There are 2 protein chains.
Amino acid sequence: MGCALKNRLRVLRAERDWSQQELADRLSVSRQSVNAIETGRYDPSLPLAFRIADVFGLAIEQVFEPDRERQTG
Amino acid sequence: MGCALKNRLRVLRAERDWSQQELADRLSVSRQSVNAIETGRYDPSLPLAFRIADVFGLAIEQVFEPDRERQTG
DNA sequence: GCCTGGTGGAAAGCGAACTTGACACGGGTC
DNA sequence: GACCCGTGTCAAGTTCGCTTTCCACCAGGC
């Protein structure tokens, strides 16, 4: 697994009562991508991270945060 | 070209008088990666974007910004 | 003129991000 | 039981991030 970041996607999505499909549509990505990011299979690209922060009306740092448990340095 | 974001890497690096190699070393990536990002060949990954913001002591939004010229929205 | 060192740039390969398509599970409606 | 919705996961394919490798430019020593 290659995820270096933790994210609050699932919580933020639940707060707005959006399905994965609804969020995916707002982000212009596939539902599988949203699912994969939520379940920690990979981190989004930076452009997608900007879109994610945008649809939630937050800063990127408020959605994603470095997971120091995983950073080997 | 697929860059959806503009970045201020070159300016920020110049302000600190760092070479591409110096910055690459601080980021734990190759010098070519720094060069490619600076010259707009691609956007960094989100984890790398966090590191970049960190070494400059800035928020991601202060280093990268959506390039609305390219976003067909 | 020639070699060396330090900077910036570009092509090829590998793995990760993202896509479409399919299948499985649980809950609600009929 | 059959159908729809939301979710989780796998397979296969394409594009992009990053590394490795190689090239060009400029300055200094001999």
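See the structure above.
Since the model is a prediction, treat every value here as computed from it, not as a measurement. (Residues numbered from 1 in each chain as written. Chains lettered and ligands numbered in written order. Predicted model: local features only at pLDDT ≥ 70, side-chain atom pairs only at ≥ 80, totals over all residues. Heavy atoms only, no water.)

Peer 1: Any chance you could explain the packing of aromatic side chains here in plain terms?
Peer 2: Two aromatic rings are characterised by how far apart their centres lie and by the angle between their planes. Residues and elements named next belong to chain B. Within the structure shown, the criterion is met by two aromatic pairs over all chains. With centroids separated by 5.6 Å and ring planes inclined at 20°, the aromatic side chains of W18 and F56 adopt a geometry described as stacked. One end of the pair, W18, is in the loop between helix 1 (9-16) and helix 2 (20-27); the other, F56, is in helix 4 (residues 46-56), and 38 residues separate them in sequence. For the pair shown, W18 and F56 are each scored as buried. One cation-aromatic arrangement involves R16 over W18; the distance from NZ or CZ to the ring centre is 6.0 Å. (Phe/Tyr/Trp six-rings, centres within 6.5 Å; stacked < 30°, edge-to-face > 60°. Helix = DSSP H or I, 4+ residues; strand = E, 2+ residues; numbered from the N terminus. Buried < 20%, exposed > 50% of the residue type's maximum accessible area, 1.4 Å probe, protein only. Lys NZ or Arg CZ within 6 Å of the ring centre and 35° of its normal.)

Peer 1: What exactly am I supposed to notice about the relation of the copies chain B and chain A here?
Peer 2: What relates the pair of chain copies is a rotation about an axis plus a shift along that axis. Note on the copies: chain B fits chain A at an RMSD of 0.1 Å, the axial shift is 0.1 Å, and the rotation between them is 179°. On the angle and the small slide along the axis, the relation comes out as a two-fold axis. Here 100% of the contact residues of chain B are again contact residues in chain A; the copies associate through an equivalent surface. (Least-squares fit on C-alpha atoms with pLDDT ≥ 70 in both. Contact = heavy atoms within 4.5 Å.)

Peer 1: Would you mind showing me how to read the interface of chain B and chain A here?
Peer 2: Reports often express the size of an interface as the amount of accessible area lost when the parts come together. Taken together, the contacts link 14 residues of chain B with 14 residues of chain A. Buried surface at the junction of chain B and chain A, both sides included, amounts to about 1,200 Å², of which 78% is carbon and sulfur. The largest share of the area that chain B buries against chain A comes from L46, F50 and E61 of chain B, three residues that together contribute 47% of it. Viewed at the interface, chain A and chain B are joined by zero salt bridges. Within the residue set of the side of chain B that touches chain A, elements represented by two or more residues are helix 4, helix 5 (60-63) and strand 2 (64-66) of chain B. For the side of chain B that touches chain A, a count of residues per class yields 11 nonpolar, no polar and three charged. (Buried area = accessible area lost by both parts, 1.4 Å probe. Salt bridge = Lys/Arg side-chain N within 4 Å of Asp/Glu carboxyl O. Nonpolar A, V, L, I, M, F, W, Y, C, P; charged D, E, K, R; others polar.)

Peer 1: Hey, could you run me through the protein's contact with DNA strand D in this one?
Peer 2: Close contacts around DNA strand D come from 18 residues, with Q20 of chain A together with Q32, S33, Y42 and S45 of chain B the closest. Here R31 of chain A contributes a side-chain N or O atom positioned 3.2 Å from a base oxygen of DNA strand D. Contacts to DNA strand D include Q32 of chain B, whose side-chain N or O atom sits 2.5 Å from a base oxygen. Where the surface near DNA strand D is concerned, the elements lending two or more residues are helix 1 (9-16) and helix 3 (31-38) of chain A together with helix 3 (31-38) of chain B. (Near = heavy atom within 4 Å. Polar contact = N/O pair within 3.5 Å; in protein donor to acceptor, adjacent residues only side chain to side chain.)

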